[in-house]
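Results of the structural survey
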Amino acid sequence: MSGRIEVDTARLSLLLTELRLPAIGRLWAEMAERSDREGWPAARFLSTIAELEIAERARRRVERHLLEARLPPDKTLDGFDFAHVPMLSRARVTALASGDAWLNRGKNLLLFGPPGSGKTHISAAIGRTLVENGYRVLFTRTTDLVQRLQAARQDLALEAAITKLDRYDLLVLDDLSYVRKDQAETSVLFELISRRYERRSMLITANQPFGEWNNVFPDPAMTIAAIDRLVHHSVVVEMNVESYRRRTATTRKARPASRPVPPTTELTAIEHA
Ligand code: ADP
Ligand code: MG
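Residues numbered from 1 in each chain as written. Chains lettered and ligands numbered in written order. Predicted model: local features only at pLDDT ≥ 70, side-chain atom pairs only at ≥ 80, totals over all residues. Heavy atoms only, no water.

Looking at the site of ligand 1
To keep things clear, this is the line we draw: One heavy atom suffices: a residue is near a molecule or strand as soon as one of its heavy atoms comes within 4 Å of it. Under the rule applied, a polar contact is a pair of N or O atoms within 3.5 Å (in protein, one hydrogen donor and one hydrogen acceptor; residues adjacent in sequence only if both atoms are side-chain atoms). In short, Shrake-Rupley with a 1.4 Å probe defines the accessible areas, and a residue's cover is counted only from the protein chains shown. Cavity and pocket criteria rest on a 1 Å grid covering protein atoms alone: a 1.4 Å probe that fits but cannot get out defines a cavity, protein on both sides within 12 Å along at least 5 of 7 lines defines an open pocket, and an atom within 4 Å of a point defines a lining residue. To qualify as sitting in a cavity or pocket, a molecule needs more than half of its atoms within 2 Å of the grid points. Helix numbers and strand numbers start at the N terminus; a helix is a DSSP run of H or I with at least 4 residues, a strand a run of E with at least 2. Asp, Glu, Lys and Arg are counted as charged, while Ala, Val, Leu, Ile, Met, Phe, Trp, Tyr, Cys and Pro are counted as nonpolar; the rest, among them Gly, fall into the polar class.
Close to ligand 1 lie 15 residues, the nearest being D81, G116, K119, T120 and H121. One nitrogen or oxygen atom from the main chain of D81 is found 2.7 Å from a nitrogen atom belonging to ligand 1. In the complex, the protein chains occlude 84% of the 550 Å² of accessible area that ligand 1 would expose alone. The cavity that encloses ligand 1 is the largest pocket. Elements that contribute at least two residues to the shell around ligand 1 include exactly helix 6 (119–132) and helix 12 (244–254). Here the shell around ligand 1 gets 3 residues from one element, more than from any other, and that element is helix 6. Here the residues of the shell around ligand 1 sort into 4 nonpolar, 7 polar and 4 charged.

Okay, structure coming up:
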């Protein structure tokens, strides 16, 4: 015949499944057709479909890591109003959300601020961006994690549970100061902090900077030891701003969008201001 080699495409499908190359399995036919039409050298065809498989793998990995991160939904950097928190510039947060400089050295980020100042939102947004940049993150309320670790301790599996958390480049412990006195007694949180010290990063939020942390650990000496380890390599940001919830509520009351103020009234209001 004309030298054309027949390819058993049904078998090729099986081979690609066996090799776990789903993107190539899905796209090779279309790419092969294009390659034939445009006269690509074989090496170009091969490298193109290999790149497609790799890109799809990266996408799936991020998807998986977003699920395992248990981030609160809808809290993104795009949705964060930086004007409300002047001590936390967009540039600084963008640098933190790119990861490398602090995560690779196991540094910590401590965010303090009153309720509603945006701690949970910005932590979740940083976590989300880090996952999108290829890092692994676990977001948890501190009380939930303490409970989990306590259960592990009862099963004599605390070491293993803490080791398992090593897979995360960043642990976000939201609301550390909400740990209850009875939860503090087992010191699992201290063990976690000690084990991650200088190796793996933590992002911790709390309403109070250190003052009330005596409730979080079994005794004052351990509180000091924990704070010492956390602060040693860390960025501390005090978000001392008014509640974003309250502010938006006030703004809405002042300027109701549904009932526009007539121009004359507006003028009077300005004159009286
Ligand atoms: P905190 O954890 O400090 O108590 P949250 O992060 O839960 O505060 O913020 C309370 C609410 O206000 C959330 O719905 C959050 O999305 C929103 N919020 C807070 N700060 C900002 C901000 N700077 N820009 C946009 N939304 C914000
Ligand atoms: Mg919060």
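Examining the packing of aromatic side chains
As a reminder, the rule being used: Pairing of aromatic rings covers Phe, Tyr and Trp, the last counted by its six-membered ring, and requires centre-to-centre distances within 6.5 Å; plane angles under 30 degrees mean stacked, over 60 mean edge-to-face, and any other angle means tilted. The rule is simple: take the accessible area with a 1.4 Å probe, protein chains only, and divide by the maximum for that residue type; under 20% is buried, over 50% is exposed, in between is partly exposed. As a reminder, the over-ring test applies to NZ of lysine and CZ of arginine, requiring each to be within 6 Å of the ring centre and within 35 degrees of the ring normal.
All told, the structure shown has 4 aromatic pairs when counted by the stated rule. Relative to W213, the ring of F210 lies with its centre 4.9 Å away and its plane at 70 degrees, an arrangement referred to as edge-to-face. You can call W213 buried: its relative accessible area is 0%. Taken together through their ring pairs, the aromatic side chains of F112, F210 and W213 make up a single cluster. Sitting over the ring of W40, R44 keeps its end group 4.0 Å from the ring centre.

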